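# Residue-level structural notes
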Amino acid sequence: MRQAMRNLFGTSSLALASLLGGCGTVLDLPKTTAPFIEGVQDPSWVTPAAYVNSDAPAVLGRSGLAVSADGKTALIADPDDNRLLFAQLPSGPVASIPLDVPGSAPLRPVRDASGTFYVALANAGRVVSVRPDGSRGPWGPVCPQPSSLAIDEADGLWVACTRGPVMRLQRAGDRLSVDRVLSSPLSHVAELQIVQGELWLASTRSATIARLTRDGKTVSVLRPGDYQASGLPMVPAGLSRMIKLGDTRVLMAYTQRISPTTLKAPPYYGPPLPIMPFWTTLSSKEQQIGIGVHPGEATGPQDFALSGSGASLLAIAIGNVPLPGKTSPEAGRPPAYVASVGADGTLGSVRPLRPKLASGQALYPLALAPLGSDQFLLVADMPRALHTLRSDGTIVSSLPLPESRLPADLREARTAFYTGNARGLTCESCHSQGGEDGHLWSTPNSSEKLRTLSLFGLASRSSFRWDGSESSLPELIESDMSRFGNSIRPELAANIATFLRSQRPAWSPPVSRREAELAARGAELFASHCSTCHSGDAMTNGQTAKVRGKQLIVPSLLQAWKRAPYGHDGRALTLSAFLQDAADPDHYVPEASRRDALVTYVDHL
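Residues numbered from 1 in each chain as written. Predicted model: local features only at pLDDT ≥ 70, side-chain atom pairs only at ≥ 80, totals over all residues. Heavy atoms only, no water.

## Topic: the side chain of Thr116
The criterion, for reference: Only DSSP runs of H or I reaching four residues or more are called helices, and only runs of E reaching two or more are called strands; each is numbered from the N terminus. Contacts are assigned to residue pairs with any non-hydrogen atoms lying within 4.5 Å of each other.
With respect to the helices and strands, the residue Thr116 is situated in the loop between β5 (110–111) and β6 (117–121). Apart from residues lying up to four places away in sequence, Thr116 is in contact with Val110, Arg111, Ser129, Val130, Arg131 and Pro132.

Spelled out as structure tokens, the structure:
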């Protein structure tokens, strides 16, 4: 990875000729050497093969679902198995559309008025489409890490990019071409909706919304309010989903975390937990209509959908199913919740739902979409199926889906990663998609409040926890699972360890030549001052180092751009602020002229 980044940043030559294959012959990308977005022209983005993990399964594949206007077909994004599923409703058949770009990570699909479905491939830098008959349609290269799509029937298909740019795509024959590129005031964009002709972008880390006109002017920035939990100041964080709620509002699901300005934290794995999800409705007139419910304690909403009639909101939550084989499905928290929606878009009371399956089967919800006036489609696992259910939780019909192609041991490990105990705690609760939640915790081995550690880069580590006191990852997993209330057998802990070691985050490349030039200079500074500890593909040597007088594990820097606050104690809100802290004599403090370059380099790991 380090060599490939040096190549791309210009410290040695790279002809981007080793390209990834597309989805069959229709989706093959042409050879190109234009990795940066230039004006409004087609950026012809390609993802170097070095940055796509062709072997590892995705951590928490955020499955997505879209339904045709007549309710007769559905398209399912299946990132765990790197494919799309095209289903004829209600009884099948179900066709599998493999994605030939390894590890491409398809996102939630959207549908236009003609019935064509569009899906962004988050790790492959492109948008692909599926025609109403299930055949593969136009495609187009877009930005690195597209994160969300929105259809504007009057103005084309819009793509939000994780790193900030927003693009409009238009169809040109069998291609989707970028014809407009807008800058965004947000840099960590996770969701995009079009509300009354405006582009509403939501940040993944701060739960902030920026409203943009279609020519790129910022109208306003909206943010949910802070919150008090047992006297602790909480700030919005960890956006998980945003949907339109009527014509003028959006509904957000996000977590709250302790304000980094106060280095306080709740007891270790004890209440109050600052990772409870909240629902907040925002409108163009009022920043916050109200904080809603937090279903399932520490679990977050996996997905939610508004019924066709607009009268009901259905939400599904991760972690609300107990570990398979431990207890009956009824022992877990309800996997679904429904709320009434008033004519003005406000949420009414919320009640739990427990859809009834065959005896002894659990329902692990993955994705939702409205079907008709008061029904929903639900993609579920254990077993995989597409269920039609009413807003009262009654399952009308079920269509079996192809099971995961992952080996049985890895699939069991993945399932264990997502499933929770009776309180709703899961590995995913604190390590979303293999990363971390940015929270500070009191831990058994330290009186100091410490940040959650990212799970990326485990393959390069031989010691674990902040103090490096654990040498066996399976034993650590067994210990923490037991602390969560789930005792697991040693072979499952070993499989979870194998599963986690295989994970690799998507690369976050620069999107402009200026960024690339800064990062190239930052790479040289990094090599001189940081690479002894932050080395290898995982950007960590896996050892401990002296920090502020303590021996602490060297954390991986992969995806550091979205992991604020920084430092083992969360003392800095930005990477730049962290690099200005001269209190630690072992810490490199670059002068201001070099700081931007170093931050830009680390920001794109």
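Having seen the model, we can carry on.
## Here we look at the environment of Phe376
Note the threshold: Only protein chains enter the area calculation, which uses a 1.4 Å probe; residues under 20% of their type maximum are buried, those over 50% are exposed, and those in between are partly exposed.
In this structure, Phe376 sits in strand β27 (residues 375–381). Owing to a relative accessible area of 0%, Phe376 belongs among the buried residues under this scheme.

## Side note on the sheet that holds strand β14 (residues 198–203)
For the record, the criterion: A pair of strands counts as paired when DSSP detects no fewer than two bridges linking them. Axes here refer to lines fitted to C-alpha atoms; in helices the fit is confined to the stretch in contact. Angles between the N-to-C directions go from 0 to 180 degrees.
With antiparallel pairing, four strands are arranged side by side in an open sheet as β13-β14-β15-β16. Each of the sheet's edge strands pairs with one partner strand only, and the pair in question is β13 (189–195) and β16 (218–222). Geometrically, the sheet is characterised by an average inter-axis angle of 20 degrees between neighbouring strands, direction not taken into account. Across six bridges, the pairing between β13 and β14 is antiparallel. Each bridged residue has a counterpart across the sheet, and for Glu191 the counterpart in β14 is Ala202.

## Some details on the state of the cysteines
As a reminder of what qualifies: In this description, the term disulfide denotes a pair of cysteine sulfurs within 2.5 Å.
Evaluated as defined, the whole model comprises one disulfide. Shown here is the disulfide that connects Cys143 with Cys161, its sulfur atoms set 1.9 Å apart. Residues Cys143 and Cys161 share a disulfide whose torsion about the S-S bond is about -95 degrees; that sign makes it left-handed. Of this pair, Cys143 sits in the loop between β8 (136–141) and β9 (146–152) while Cys161 is found in strand β10 (residues 156–161), placing the two residues 18 residues apart along the sequence. Unpaired in this structure, Cys530 has its nearest cysteine sulfur neighbour in Cys533, at a distance of 8.9 Å. On the accessibility criterion, Cys530 (17% relative accessible area) is buried.

## Here we look at unusual backbone geometry
It is generally the case that most residues other than glycine have a negative phi and that most peptide bonds are trans. Along the chain, Leu89 connects to Pro90 via a cis peptide bond; the corresponding omega equals 5 degrees. The residue Pro90 is located in the loop between β3 (83–88) and β4 (94–98) in this model. A cis amide bond, omega 10 degrees, links Gly92 with the succeeding residue Pro93. For Pro93, the position within the fold is in the loop between β3 and β4. At Ala105, a residue that is not glycine, the phi angle is positive and equals roughly 60 degrees. One can find Ala105 in the loop between β4 and β5. Here Ala105 falls in the buried class, since its relative accessible area comes to 18%. Positive phi is not limited to glycine here, since Gln196 has a value of about 50 degrees.

## Some details on the pattern of salt bridges
Defined as follows: When a carboxyl oxygen of Asp or Glu is within 4 Å of a side-chain nitrogen of Lys or Arg, the pair counts as a salt bridge.
Inspection of every chain in the model, using the stated rule, returns 19 salt bridges. Ionic pairing is found between Arg384 and Asp78, a salt bridge with its closest N-O pair at 3.1 Å. Residue Arg384 is found in the loop between β27 and β28 (385–390), and its partner Asp78 is found in strand β2 (residues 73–78); the two are separated by 306 residues along the sequence. In terms of burial, Arg384 and Asp78 fall into one category: buried. Note that Glu470 is salt-bridged to Arg465, the shortest N-O span being 3.7 Å. Beyond isolated ion pairs, a larger network of salt bridges with shared partners links Asp78, Asp81, Arg83, Asp381, Arg384, Glu403, Arg411 and Arg414.

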